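Read off the chains here:
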Amino acid sequence: MKILVANRGEIAVRVMRACREMGLRSVAVYSECDRDAQHVRYADEAHLIGPSPALESYLRIDRLIEVARRAGADAVHPGYGFLAENAAFAQACADAGLLFIGPSASVIALMGSKTAARQAALRAGMPVVPGVEEPFGADVPVDAIAAAAAQVGYPLLVKAVAGGGGKGMRGVDNADELPAAVRAARGEAGSAFGDASIYLERRLDRPRHVEIQILADLHGTVIPFVERECSIQRRHQKVVEEAPSLAVTPELRRAMATQAASLAKTVGYTNAGTIECLLDADGRFYFLEMNTRLQVEHPVTEMVTGVDLVQWQIRIARGERLTLDPERALTPRGHAIECRIYAEDPDRQFMPSPGTIVALRAPAGPGIRDDSGVTAGSAVPVFYDSLISKLVGWGPDRPAAIARLKRALSEYRIAGVRTTIPFFRWLLTQAEFAEGRFDTTFLDRVLATRTEPFSPASDADEEIAAMAAALDAYFRVGAAAGGQARAPEGAWKRAARVESLRS
Amino acid sequence: MSTRFEIEVNGRSRTVTVERGDPAAAGRFLVNIDGRQRVVDVRRGLTGALSILFPDDGGASYDVAVVSSGRGEVTVHLPSTSLRAAFNGRRARQAGTPGSDGASGEQRIVAPMPGRVVRVLVAPGDEVVPRQPLVVVEAMKMENELSASRNGRVKDVQASEGMPVEAGKLLVIVG
């Protein structure tokens, strides 16, 4: 069996690792700027699919199908992002006789509409956040929306029906703010998703984000997993995820799992998926949305259950029966936490930091998993998401997992681009994080008032840095360059010349 | 025989001299930093990573990577932080200091990468404060807020919503 991975970066490498373990051949696709990327090097074969902009390469359904045919691939794994939740892509694969490693095109389309997904959750008996059940098209007057908003109650959220990642979403505290929020959400949704439809949802007071991973085979078996806690978010983007959640009791876990499995069955779901919920301070949970793909945070579930979700995705797609023990899936062994390492500068409001990674040393050792898509010499192109690695720490309990992650972050060295590593070193020392006292608003509230750098340097650090810089220059010019007579500037220039010869 | 370096780290200039130590002990050096002499034991790996030991200071061990960023600057990676160091008075910006200019004069807000302007949050004449977002540029699948680094008044806005921008394109001038 041969699997084409219609993605790039760390998730493409992750899927290919599963292929290799299963004795399957992997096919990479790449854009022009990714010729030298790690997923191309890792794959058994690789094919160019177009210019660097994603619209001309990783999002080109026609080219992907053509390459899959030419390479003789049997199946396509979409990863996450790009075409992973695109019903037309799933359908195109099916039409071309390729196994799409994910749910059917019709289920992707159904759950892709946030209002249709809410209705499905209600049918399955799952509580949803109070809101409207019918979307407002782009031409519905604001007066009509205001009347519905009064019914829902303030504060509320205006959300894009086709939304995701916080795009096309606006918070509204009172009726006066509604017209502007509707305008902004419609504009953003229209340009981001090509669909300006919106709906309204009550805004819960400081909820946690808790989600349930499920696997469902083609024979009607659905297995829900222990929850993931993803409340550490920056502007609606998850940055740290863990399993299990400190806020979930075994009883609540069972209740959420049962409801999630029921929803999956109601819509005829197959393969891997995630039901995202909000959990309020009183322990009540509400359906938020369903992601019809593998999630970035899937490793924390794998670490606490010992189940390889990607391998099961492939086995399910080729018709195998889910033979997992449901109790094992629902019973966490220890605790796992993931940090998303992005090429972003945390000291400049997390501005993307594209460039070339000139040096890299990844952490290792007990309980550490680094799902990376880069190596020394890799480029972080400007064209794509800047996630370069997912660092996961496992321990017998949460404090042990945190200690391991801290240790691993001190080992991690990435030079050439800025990364979020200093931010995680800081976050893991915060009392709120250590004690689990956080909700989805925690990180944005703290960051709003923070001005200090994330990795302040002590006097001793500065002194060591100065000495190291001097010793490095001394070595580079060679001992022969010594002597007071030679100006340091000359020594530096020679060092620079030596450096340029090396590269 | 010693080699002398002027090195600026975090805005503070330091004088560092390096000379070979006891010839019998390979890798031993005498390093003088701002008049204080220290014995160090150094090994440099193929990849440029330095292992620095202080034999007279309890054997304290530092695993350090020094990476050239060109123009007489290096970045020194320590386990807890990274610092820029500049040779011979070349100005080293502190790692991660917001803003690309000094403490006075115009702030010229430019697109740091190719992308698209999604929101313009200020108009000419507006007073702005440090960290106040001025323009939002979408790039690398993220909306990135470009902010003021200090107080000022918006003199010119050359960005409009929906406008595609190249890296380096001037967007806003704050006087």
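For the structure, see preceding data.
Residues numbered from 1 in each chain as written. Chains lettered and ligands numbered in written order. Predicted model: local features only at pLDDT ≥ 70, side-chain atom pairs only at ≥ 80, totals over all residues.

Draft legend 1. Highlighting the overall build of chain A. Scanning chain A from N- to C-terminus turns up 18 helices and 23 strands. In summary, chain A has a C-alpha radius of gyration of 24 Å against a globular reference of 23 Å for 503 residues, a match within 12%. Its C-alpha atoms give chain A principal-axis dimensions of about 85 × 55 × 50 Å. Taken across its 503 residues, chain A has 52% of its residues classed as buried. (Helix = DSSP H or I, 4+ residues; strand = E, 2+ residues; numbered from the N terminus. Rg over C-alpha atoms; globule rule 2.2 N^0.38 Å. Buried ≥ 20, exposed ≤ 12 C-beta atoms within 10 Å, placed from the backbone.)

Draft legend 2. The interface of chain A and chain B, seen in detail. Taken together, the contact between chain A and chain B spans 45 residues of the former and 52 residues of the latter. Every element with two or more residues in the side of chain A that touches chain B is listed here: β17 (351-352), β23 (413-415), α17 (459-477) and α18 (488-502) of chain A. It is α17 of chain A that provides the largest number of residues to the side of chain A that touches chain B, a total of 15 residues. Within the side of chain A that touches chain B, the residues separate by chemical class into 26 nonpolar, eight polar and eleven charged. (Contact = placed C-beta atoms within 7 Å. Nonpolar A, V, L, I, M, F, W, Y, C, P; charged D, E, K, R; others polar.)

Draft legend 3. Broad picture of helix α6 (residues 114-123) of chain A. Residues and elements named next belong to chain A. Looking at α6, one finds that the buried residues are Lys114, Thr115, Ala117, Arg118, Ala120 and Ala121. At its buried positions, α6 is contacted by α5 (105-112), β6 (156-164), β8 (198-202), α9 (250-266) and β14 (285-291). One or two residues past the end of α6 sits Gly125, with phi positive at roughly 80 degrees.

Draft legend 4. Here's a closer look at the nonpolar core. Residues and elements named next belong to chain A. Core analysis: the largest hydrophobic core is formed by 152 residues, its most contacted members being Ile214, Ala468, Ala469 and Ala470. Top element by residues in this core is α17. It accounts for twelve residues. If near-sequence neighbours (up to four positions away) are discounted, Ile214 is found in contact with Val222, Ile223, Pro224, Phe225, Ala260, Ala261, Ala264, Gly273 and Ile275. (Core = buried A, V, L, I, M, F, W, Y, C linked by C-beta atoms within 7 Å.)

Draft legend 5. The arrangement of unusual backbone geometry in detail. All names here are of chain A. Omega for the bond connecting Tyr154 with Pro155 falls within 30 degrees of zero, at -5 degrees, which places this linkage in the cis form. With respect to the helices, strands and loops of the structure, Pro155 is situated in the loop between α7 (142-152) and β6. Across the junction of Ala243 and Pro244, the peptide omega takes the value -5 degrees, indicating a cis bond. The backbone of Phe82 shows a phi angle near 45 degrees, a positive value even though the residue is not glycine. Within the element layout of this structure, Phe82 appears in the loop between β4 (75-77) and α4 (87-95). Although it is not a glycine, Arg206 adopts a positive phi angle of roughly 45 degrees. Mapping Arg206 onto the fold places it in the loop between β8 and β9 (208-216). Since 14 C-beta atoms lie within 10 Å of it, Arg206 is described here as partly exposed.

Draft legend 6. Seen up close, the sheet that holds strand β11 (residues 127-128) of chain B. Strand order in the open sheet made by the four strands is β9-β16-β14-β11 (chain B), with antiparallel pairing throughout. Across the chains shown, the open sheet's two edge strands, defined by having one partner strand only, are β9 (107-110) and β11 of chain B. (Pairing = 2+ DSSP bridges.)

Draft legend 7. How the structure looks around the pairing of strand β12 (residues 133-139) of chain B. Residues and elements named next belong to chain B. In this structure, strand β10 (residues 115-120) lies alongside β12, joined through four bridges in antiparallel fashion. Following the sheet pairing, Arg119 is matched in β12 by Val136. Pairing of β12 with strand β13 (residues 142-147), which is carried by six bridges, proceeds in the antiparallel orientation. Residue pairing across strands places Glu138 opposite Glu143, the latter belonging to β13.

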